[in-house]
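Letter by letter, the chains look like this.
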Amino acid sequence: MGGYMQLQQVFCTAEEIAVYNDGVSTSYACGERQYEEICVKWSELLTDSIVMPAFGVSINDMTVQGKQKGVWVEFSFSKQLKVNELPFEKLLVEVRPEYKGFNVIRYNSDSGYFGRCFYIDLRENDMSSFYSFIREIC
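Residues numbered from 1 in each chain as written. Predicted model: local features only at pLDDT ≥ 70, side-chain atom pairs only at ≥ 80, totals over all residues. Heavy atoms only, no water.

Asker: What is the right way to look at unusual backbone geometry in this model?
Answerer: Leaving glycine out, the prevailing phi sign among residues is negative, and the prevailing peptide bond configuration is trans. Not every positive phi belongs to a glycine, and N84 is a case in point at roughly 50°. Mapped onto the elements, N84 comes out in the loop between β5 (71-83) and β6 (86-95). Owing to a relative accessible area of 43%, N84 belongs among the partly exposed residues under this scheme. The backbone of R123 shows a phi angle near 60°, a positive value even though the residue is not glycine. Assignment of secondary structure puts R123 in the loop between β9 (118-121) and α4 (128-137). In this structure R123 comes out as partly exposed when scored by relative accessible area, which is 46%. (Helix = DSSP H or I, 4+ residues; strand = E, 2+ residues; numbered from the N terminus. Buried < 20%, exposed > 50% of the residue type's maximum accessible area, 1.4 Å probe, protein only.)

Rendered as structure tokens:
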């Protein structure tokens, strides 16, 4: 993956997307209908979004515990990527209908969900329609 990629462009280059619904995981491989539908809805969500400096730092144990409740979406990549010099193998997002911005938690096999997050501001948008879609798909 040569060249510079913005965070918003990276998500749908994932090899697999996992959806966690109260701790139950369902995975979709690139090319599956649900994967493609998630990517379309995710791209719509990110229209006009901007990446902001993140205040959030993920602590692995807290994130693993957090994934047991609510709705989360995780994008897994075939190799380690970097955006803004921050490496990751997976990107995890908590999906809540009222969110107008959210942390994007990085995962690396050597440290888990640990370290600085990305933050995406949805501007005038919120996650409500994406949340409803994800609840329907799973």
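There is more to say, and it comes next.
Asker: Just to check I follow, could you spell out the sheet that holds strand β3 (residues 50-52) for this structure?
Answerer: Consider a sheet: its strands pair through backbone hydrogen bonds, and that pairing is either parallel or antiparallel. If you trace the seven strands from one edge of the open sheet to the other, you get β2-β1-β5-β6-β7-β9-β3, paired in antiparallel fashion. Two strands bound the open sheet, and with one partner strand each, they are β2 (24-29) and β3. For this sheet the average axis-to-axis angle between neighbouring strands, irrespective of direction, equals 30°. The pairing of β3 with β9 spans three bridges and is antiparallel. (Pairing = 2+ DSSP bridges. Axes fitted to C-alpha atoms, helices over the stretch in contact; angles between N-to-C directions.)

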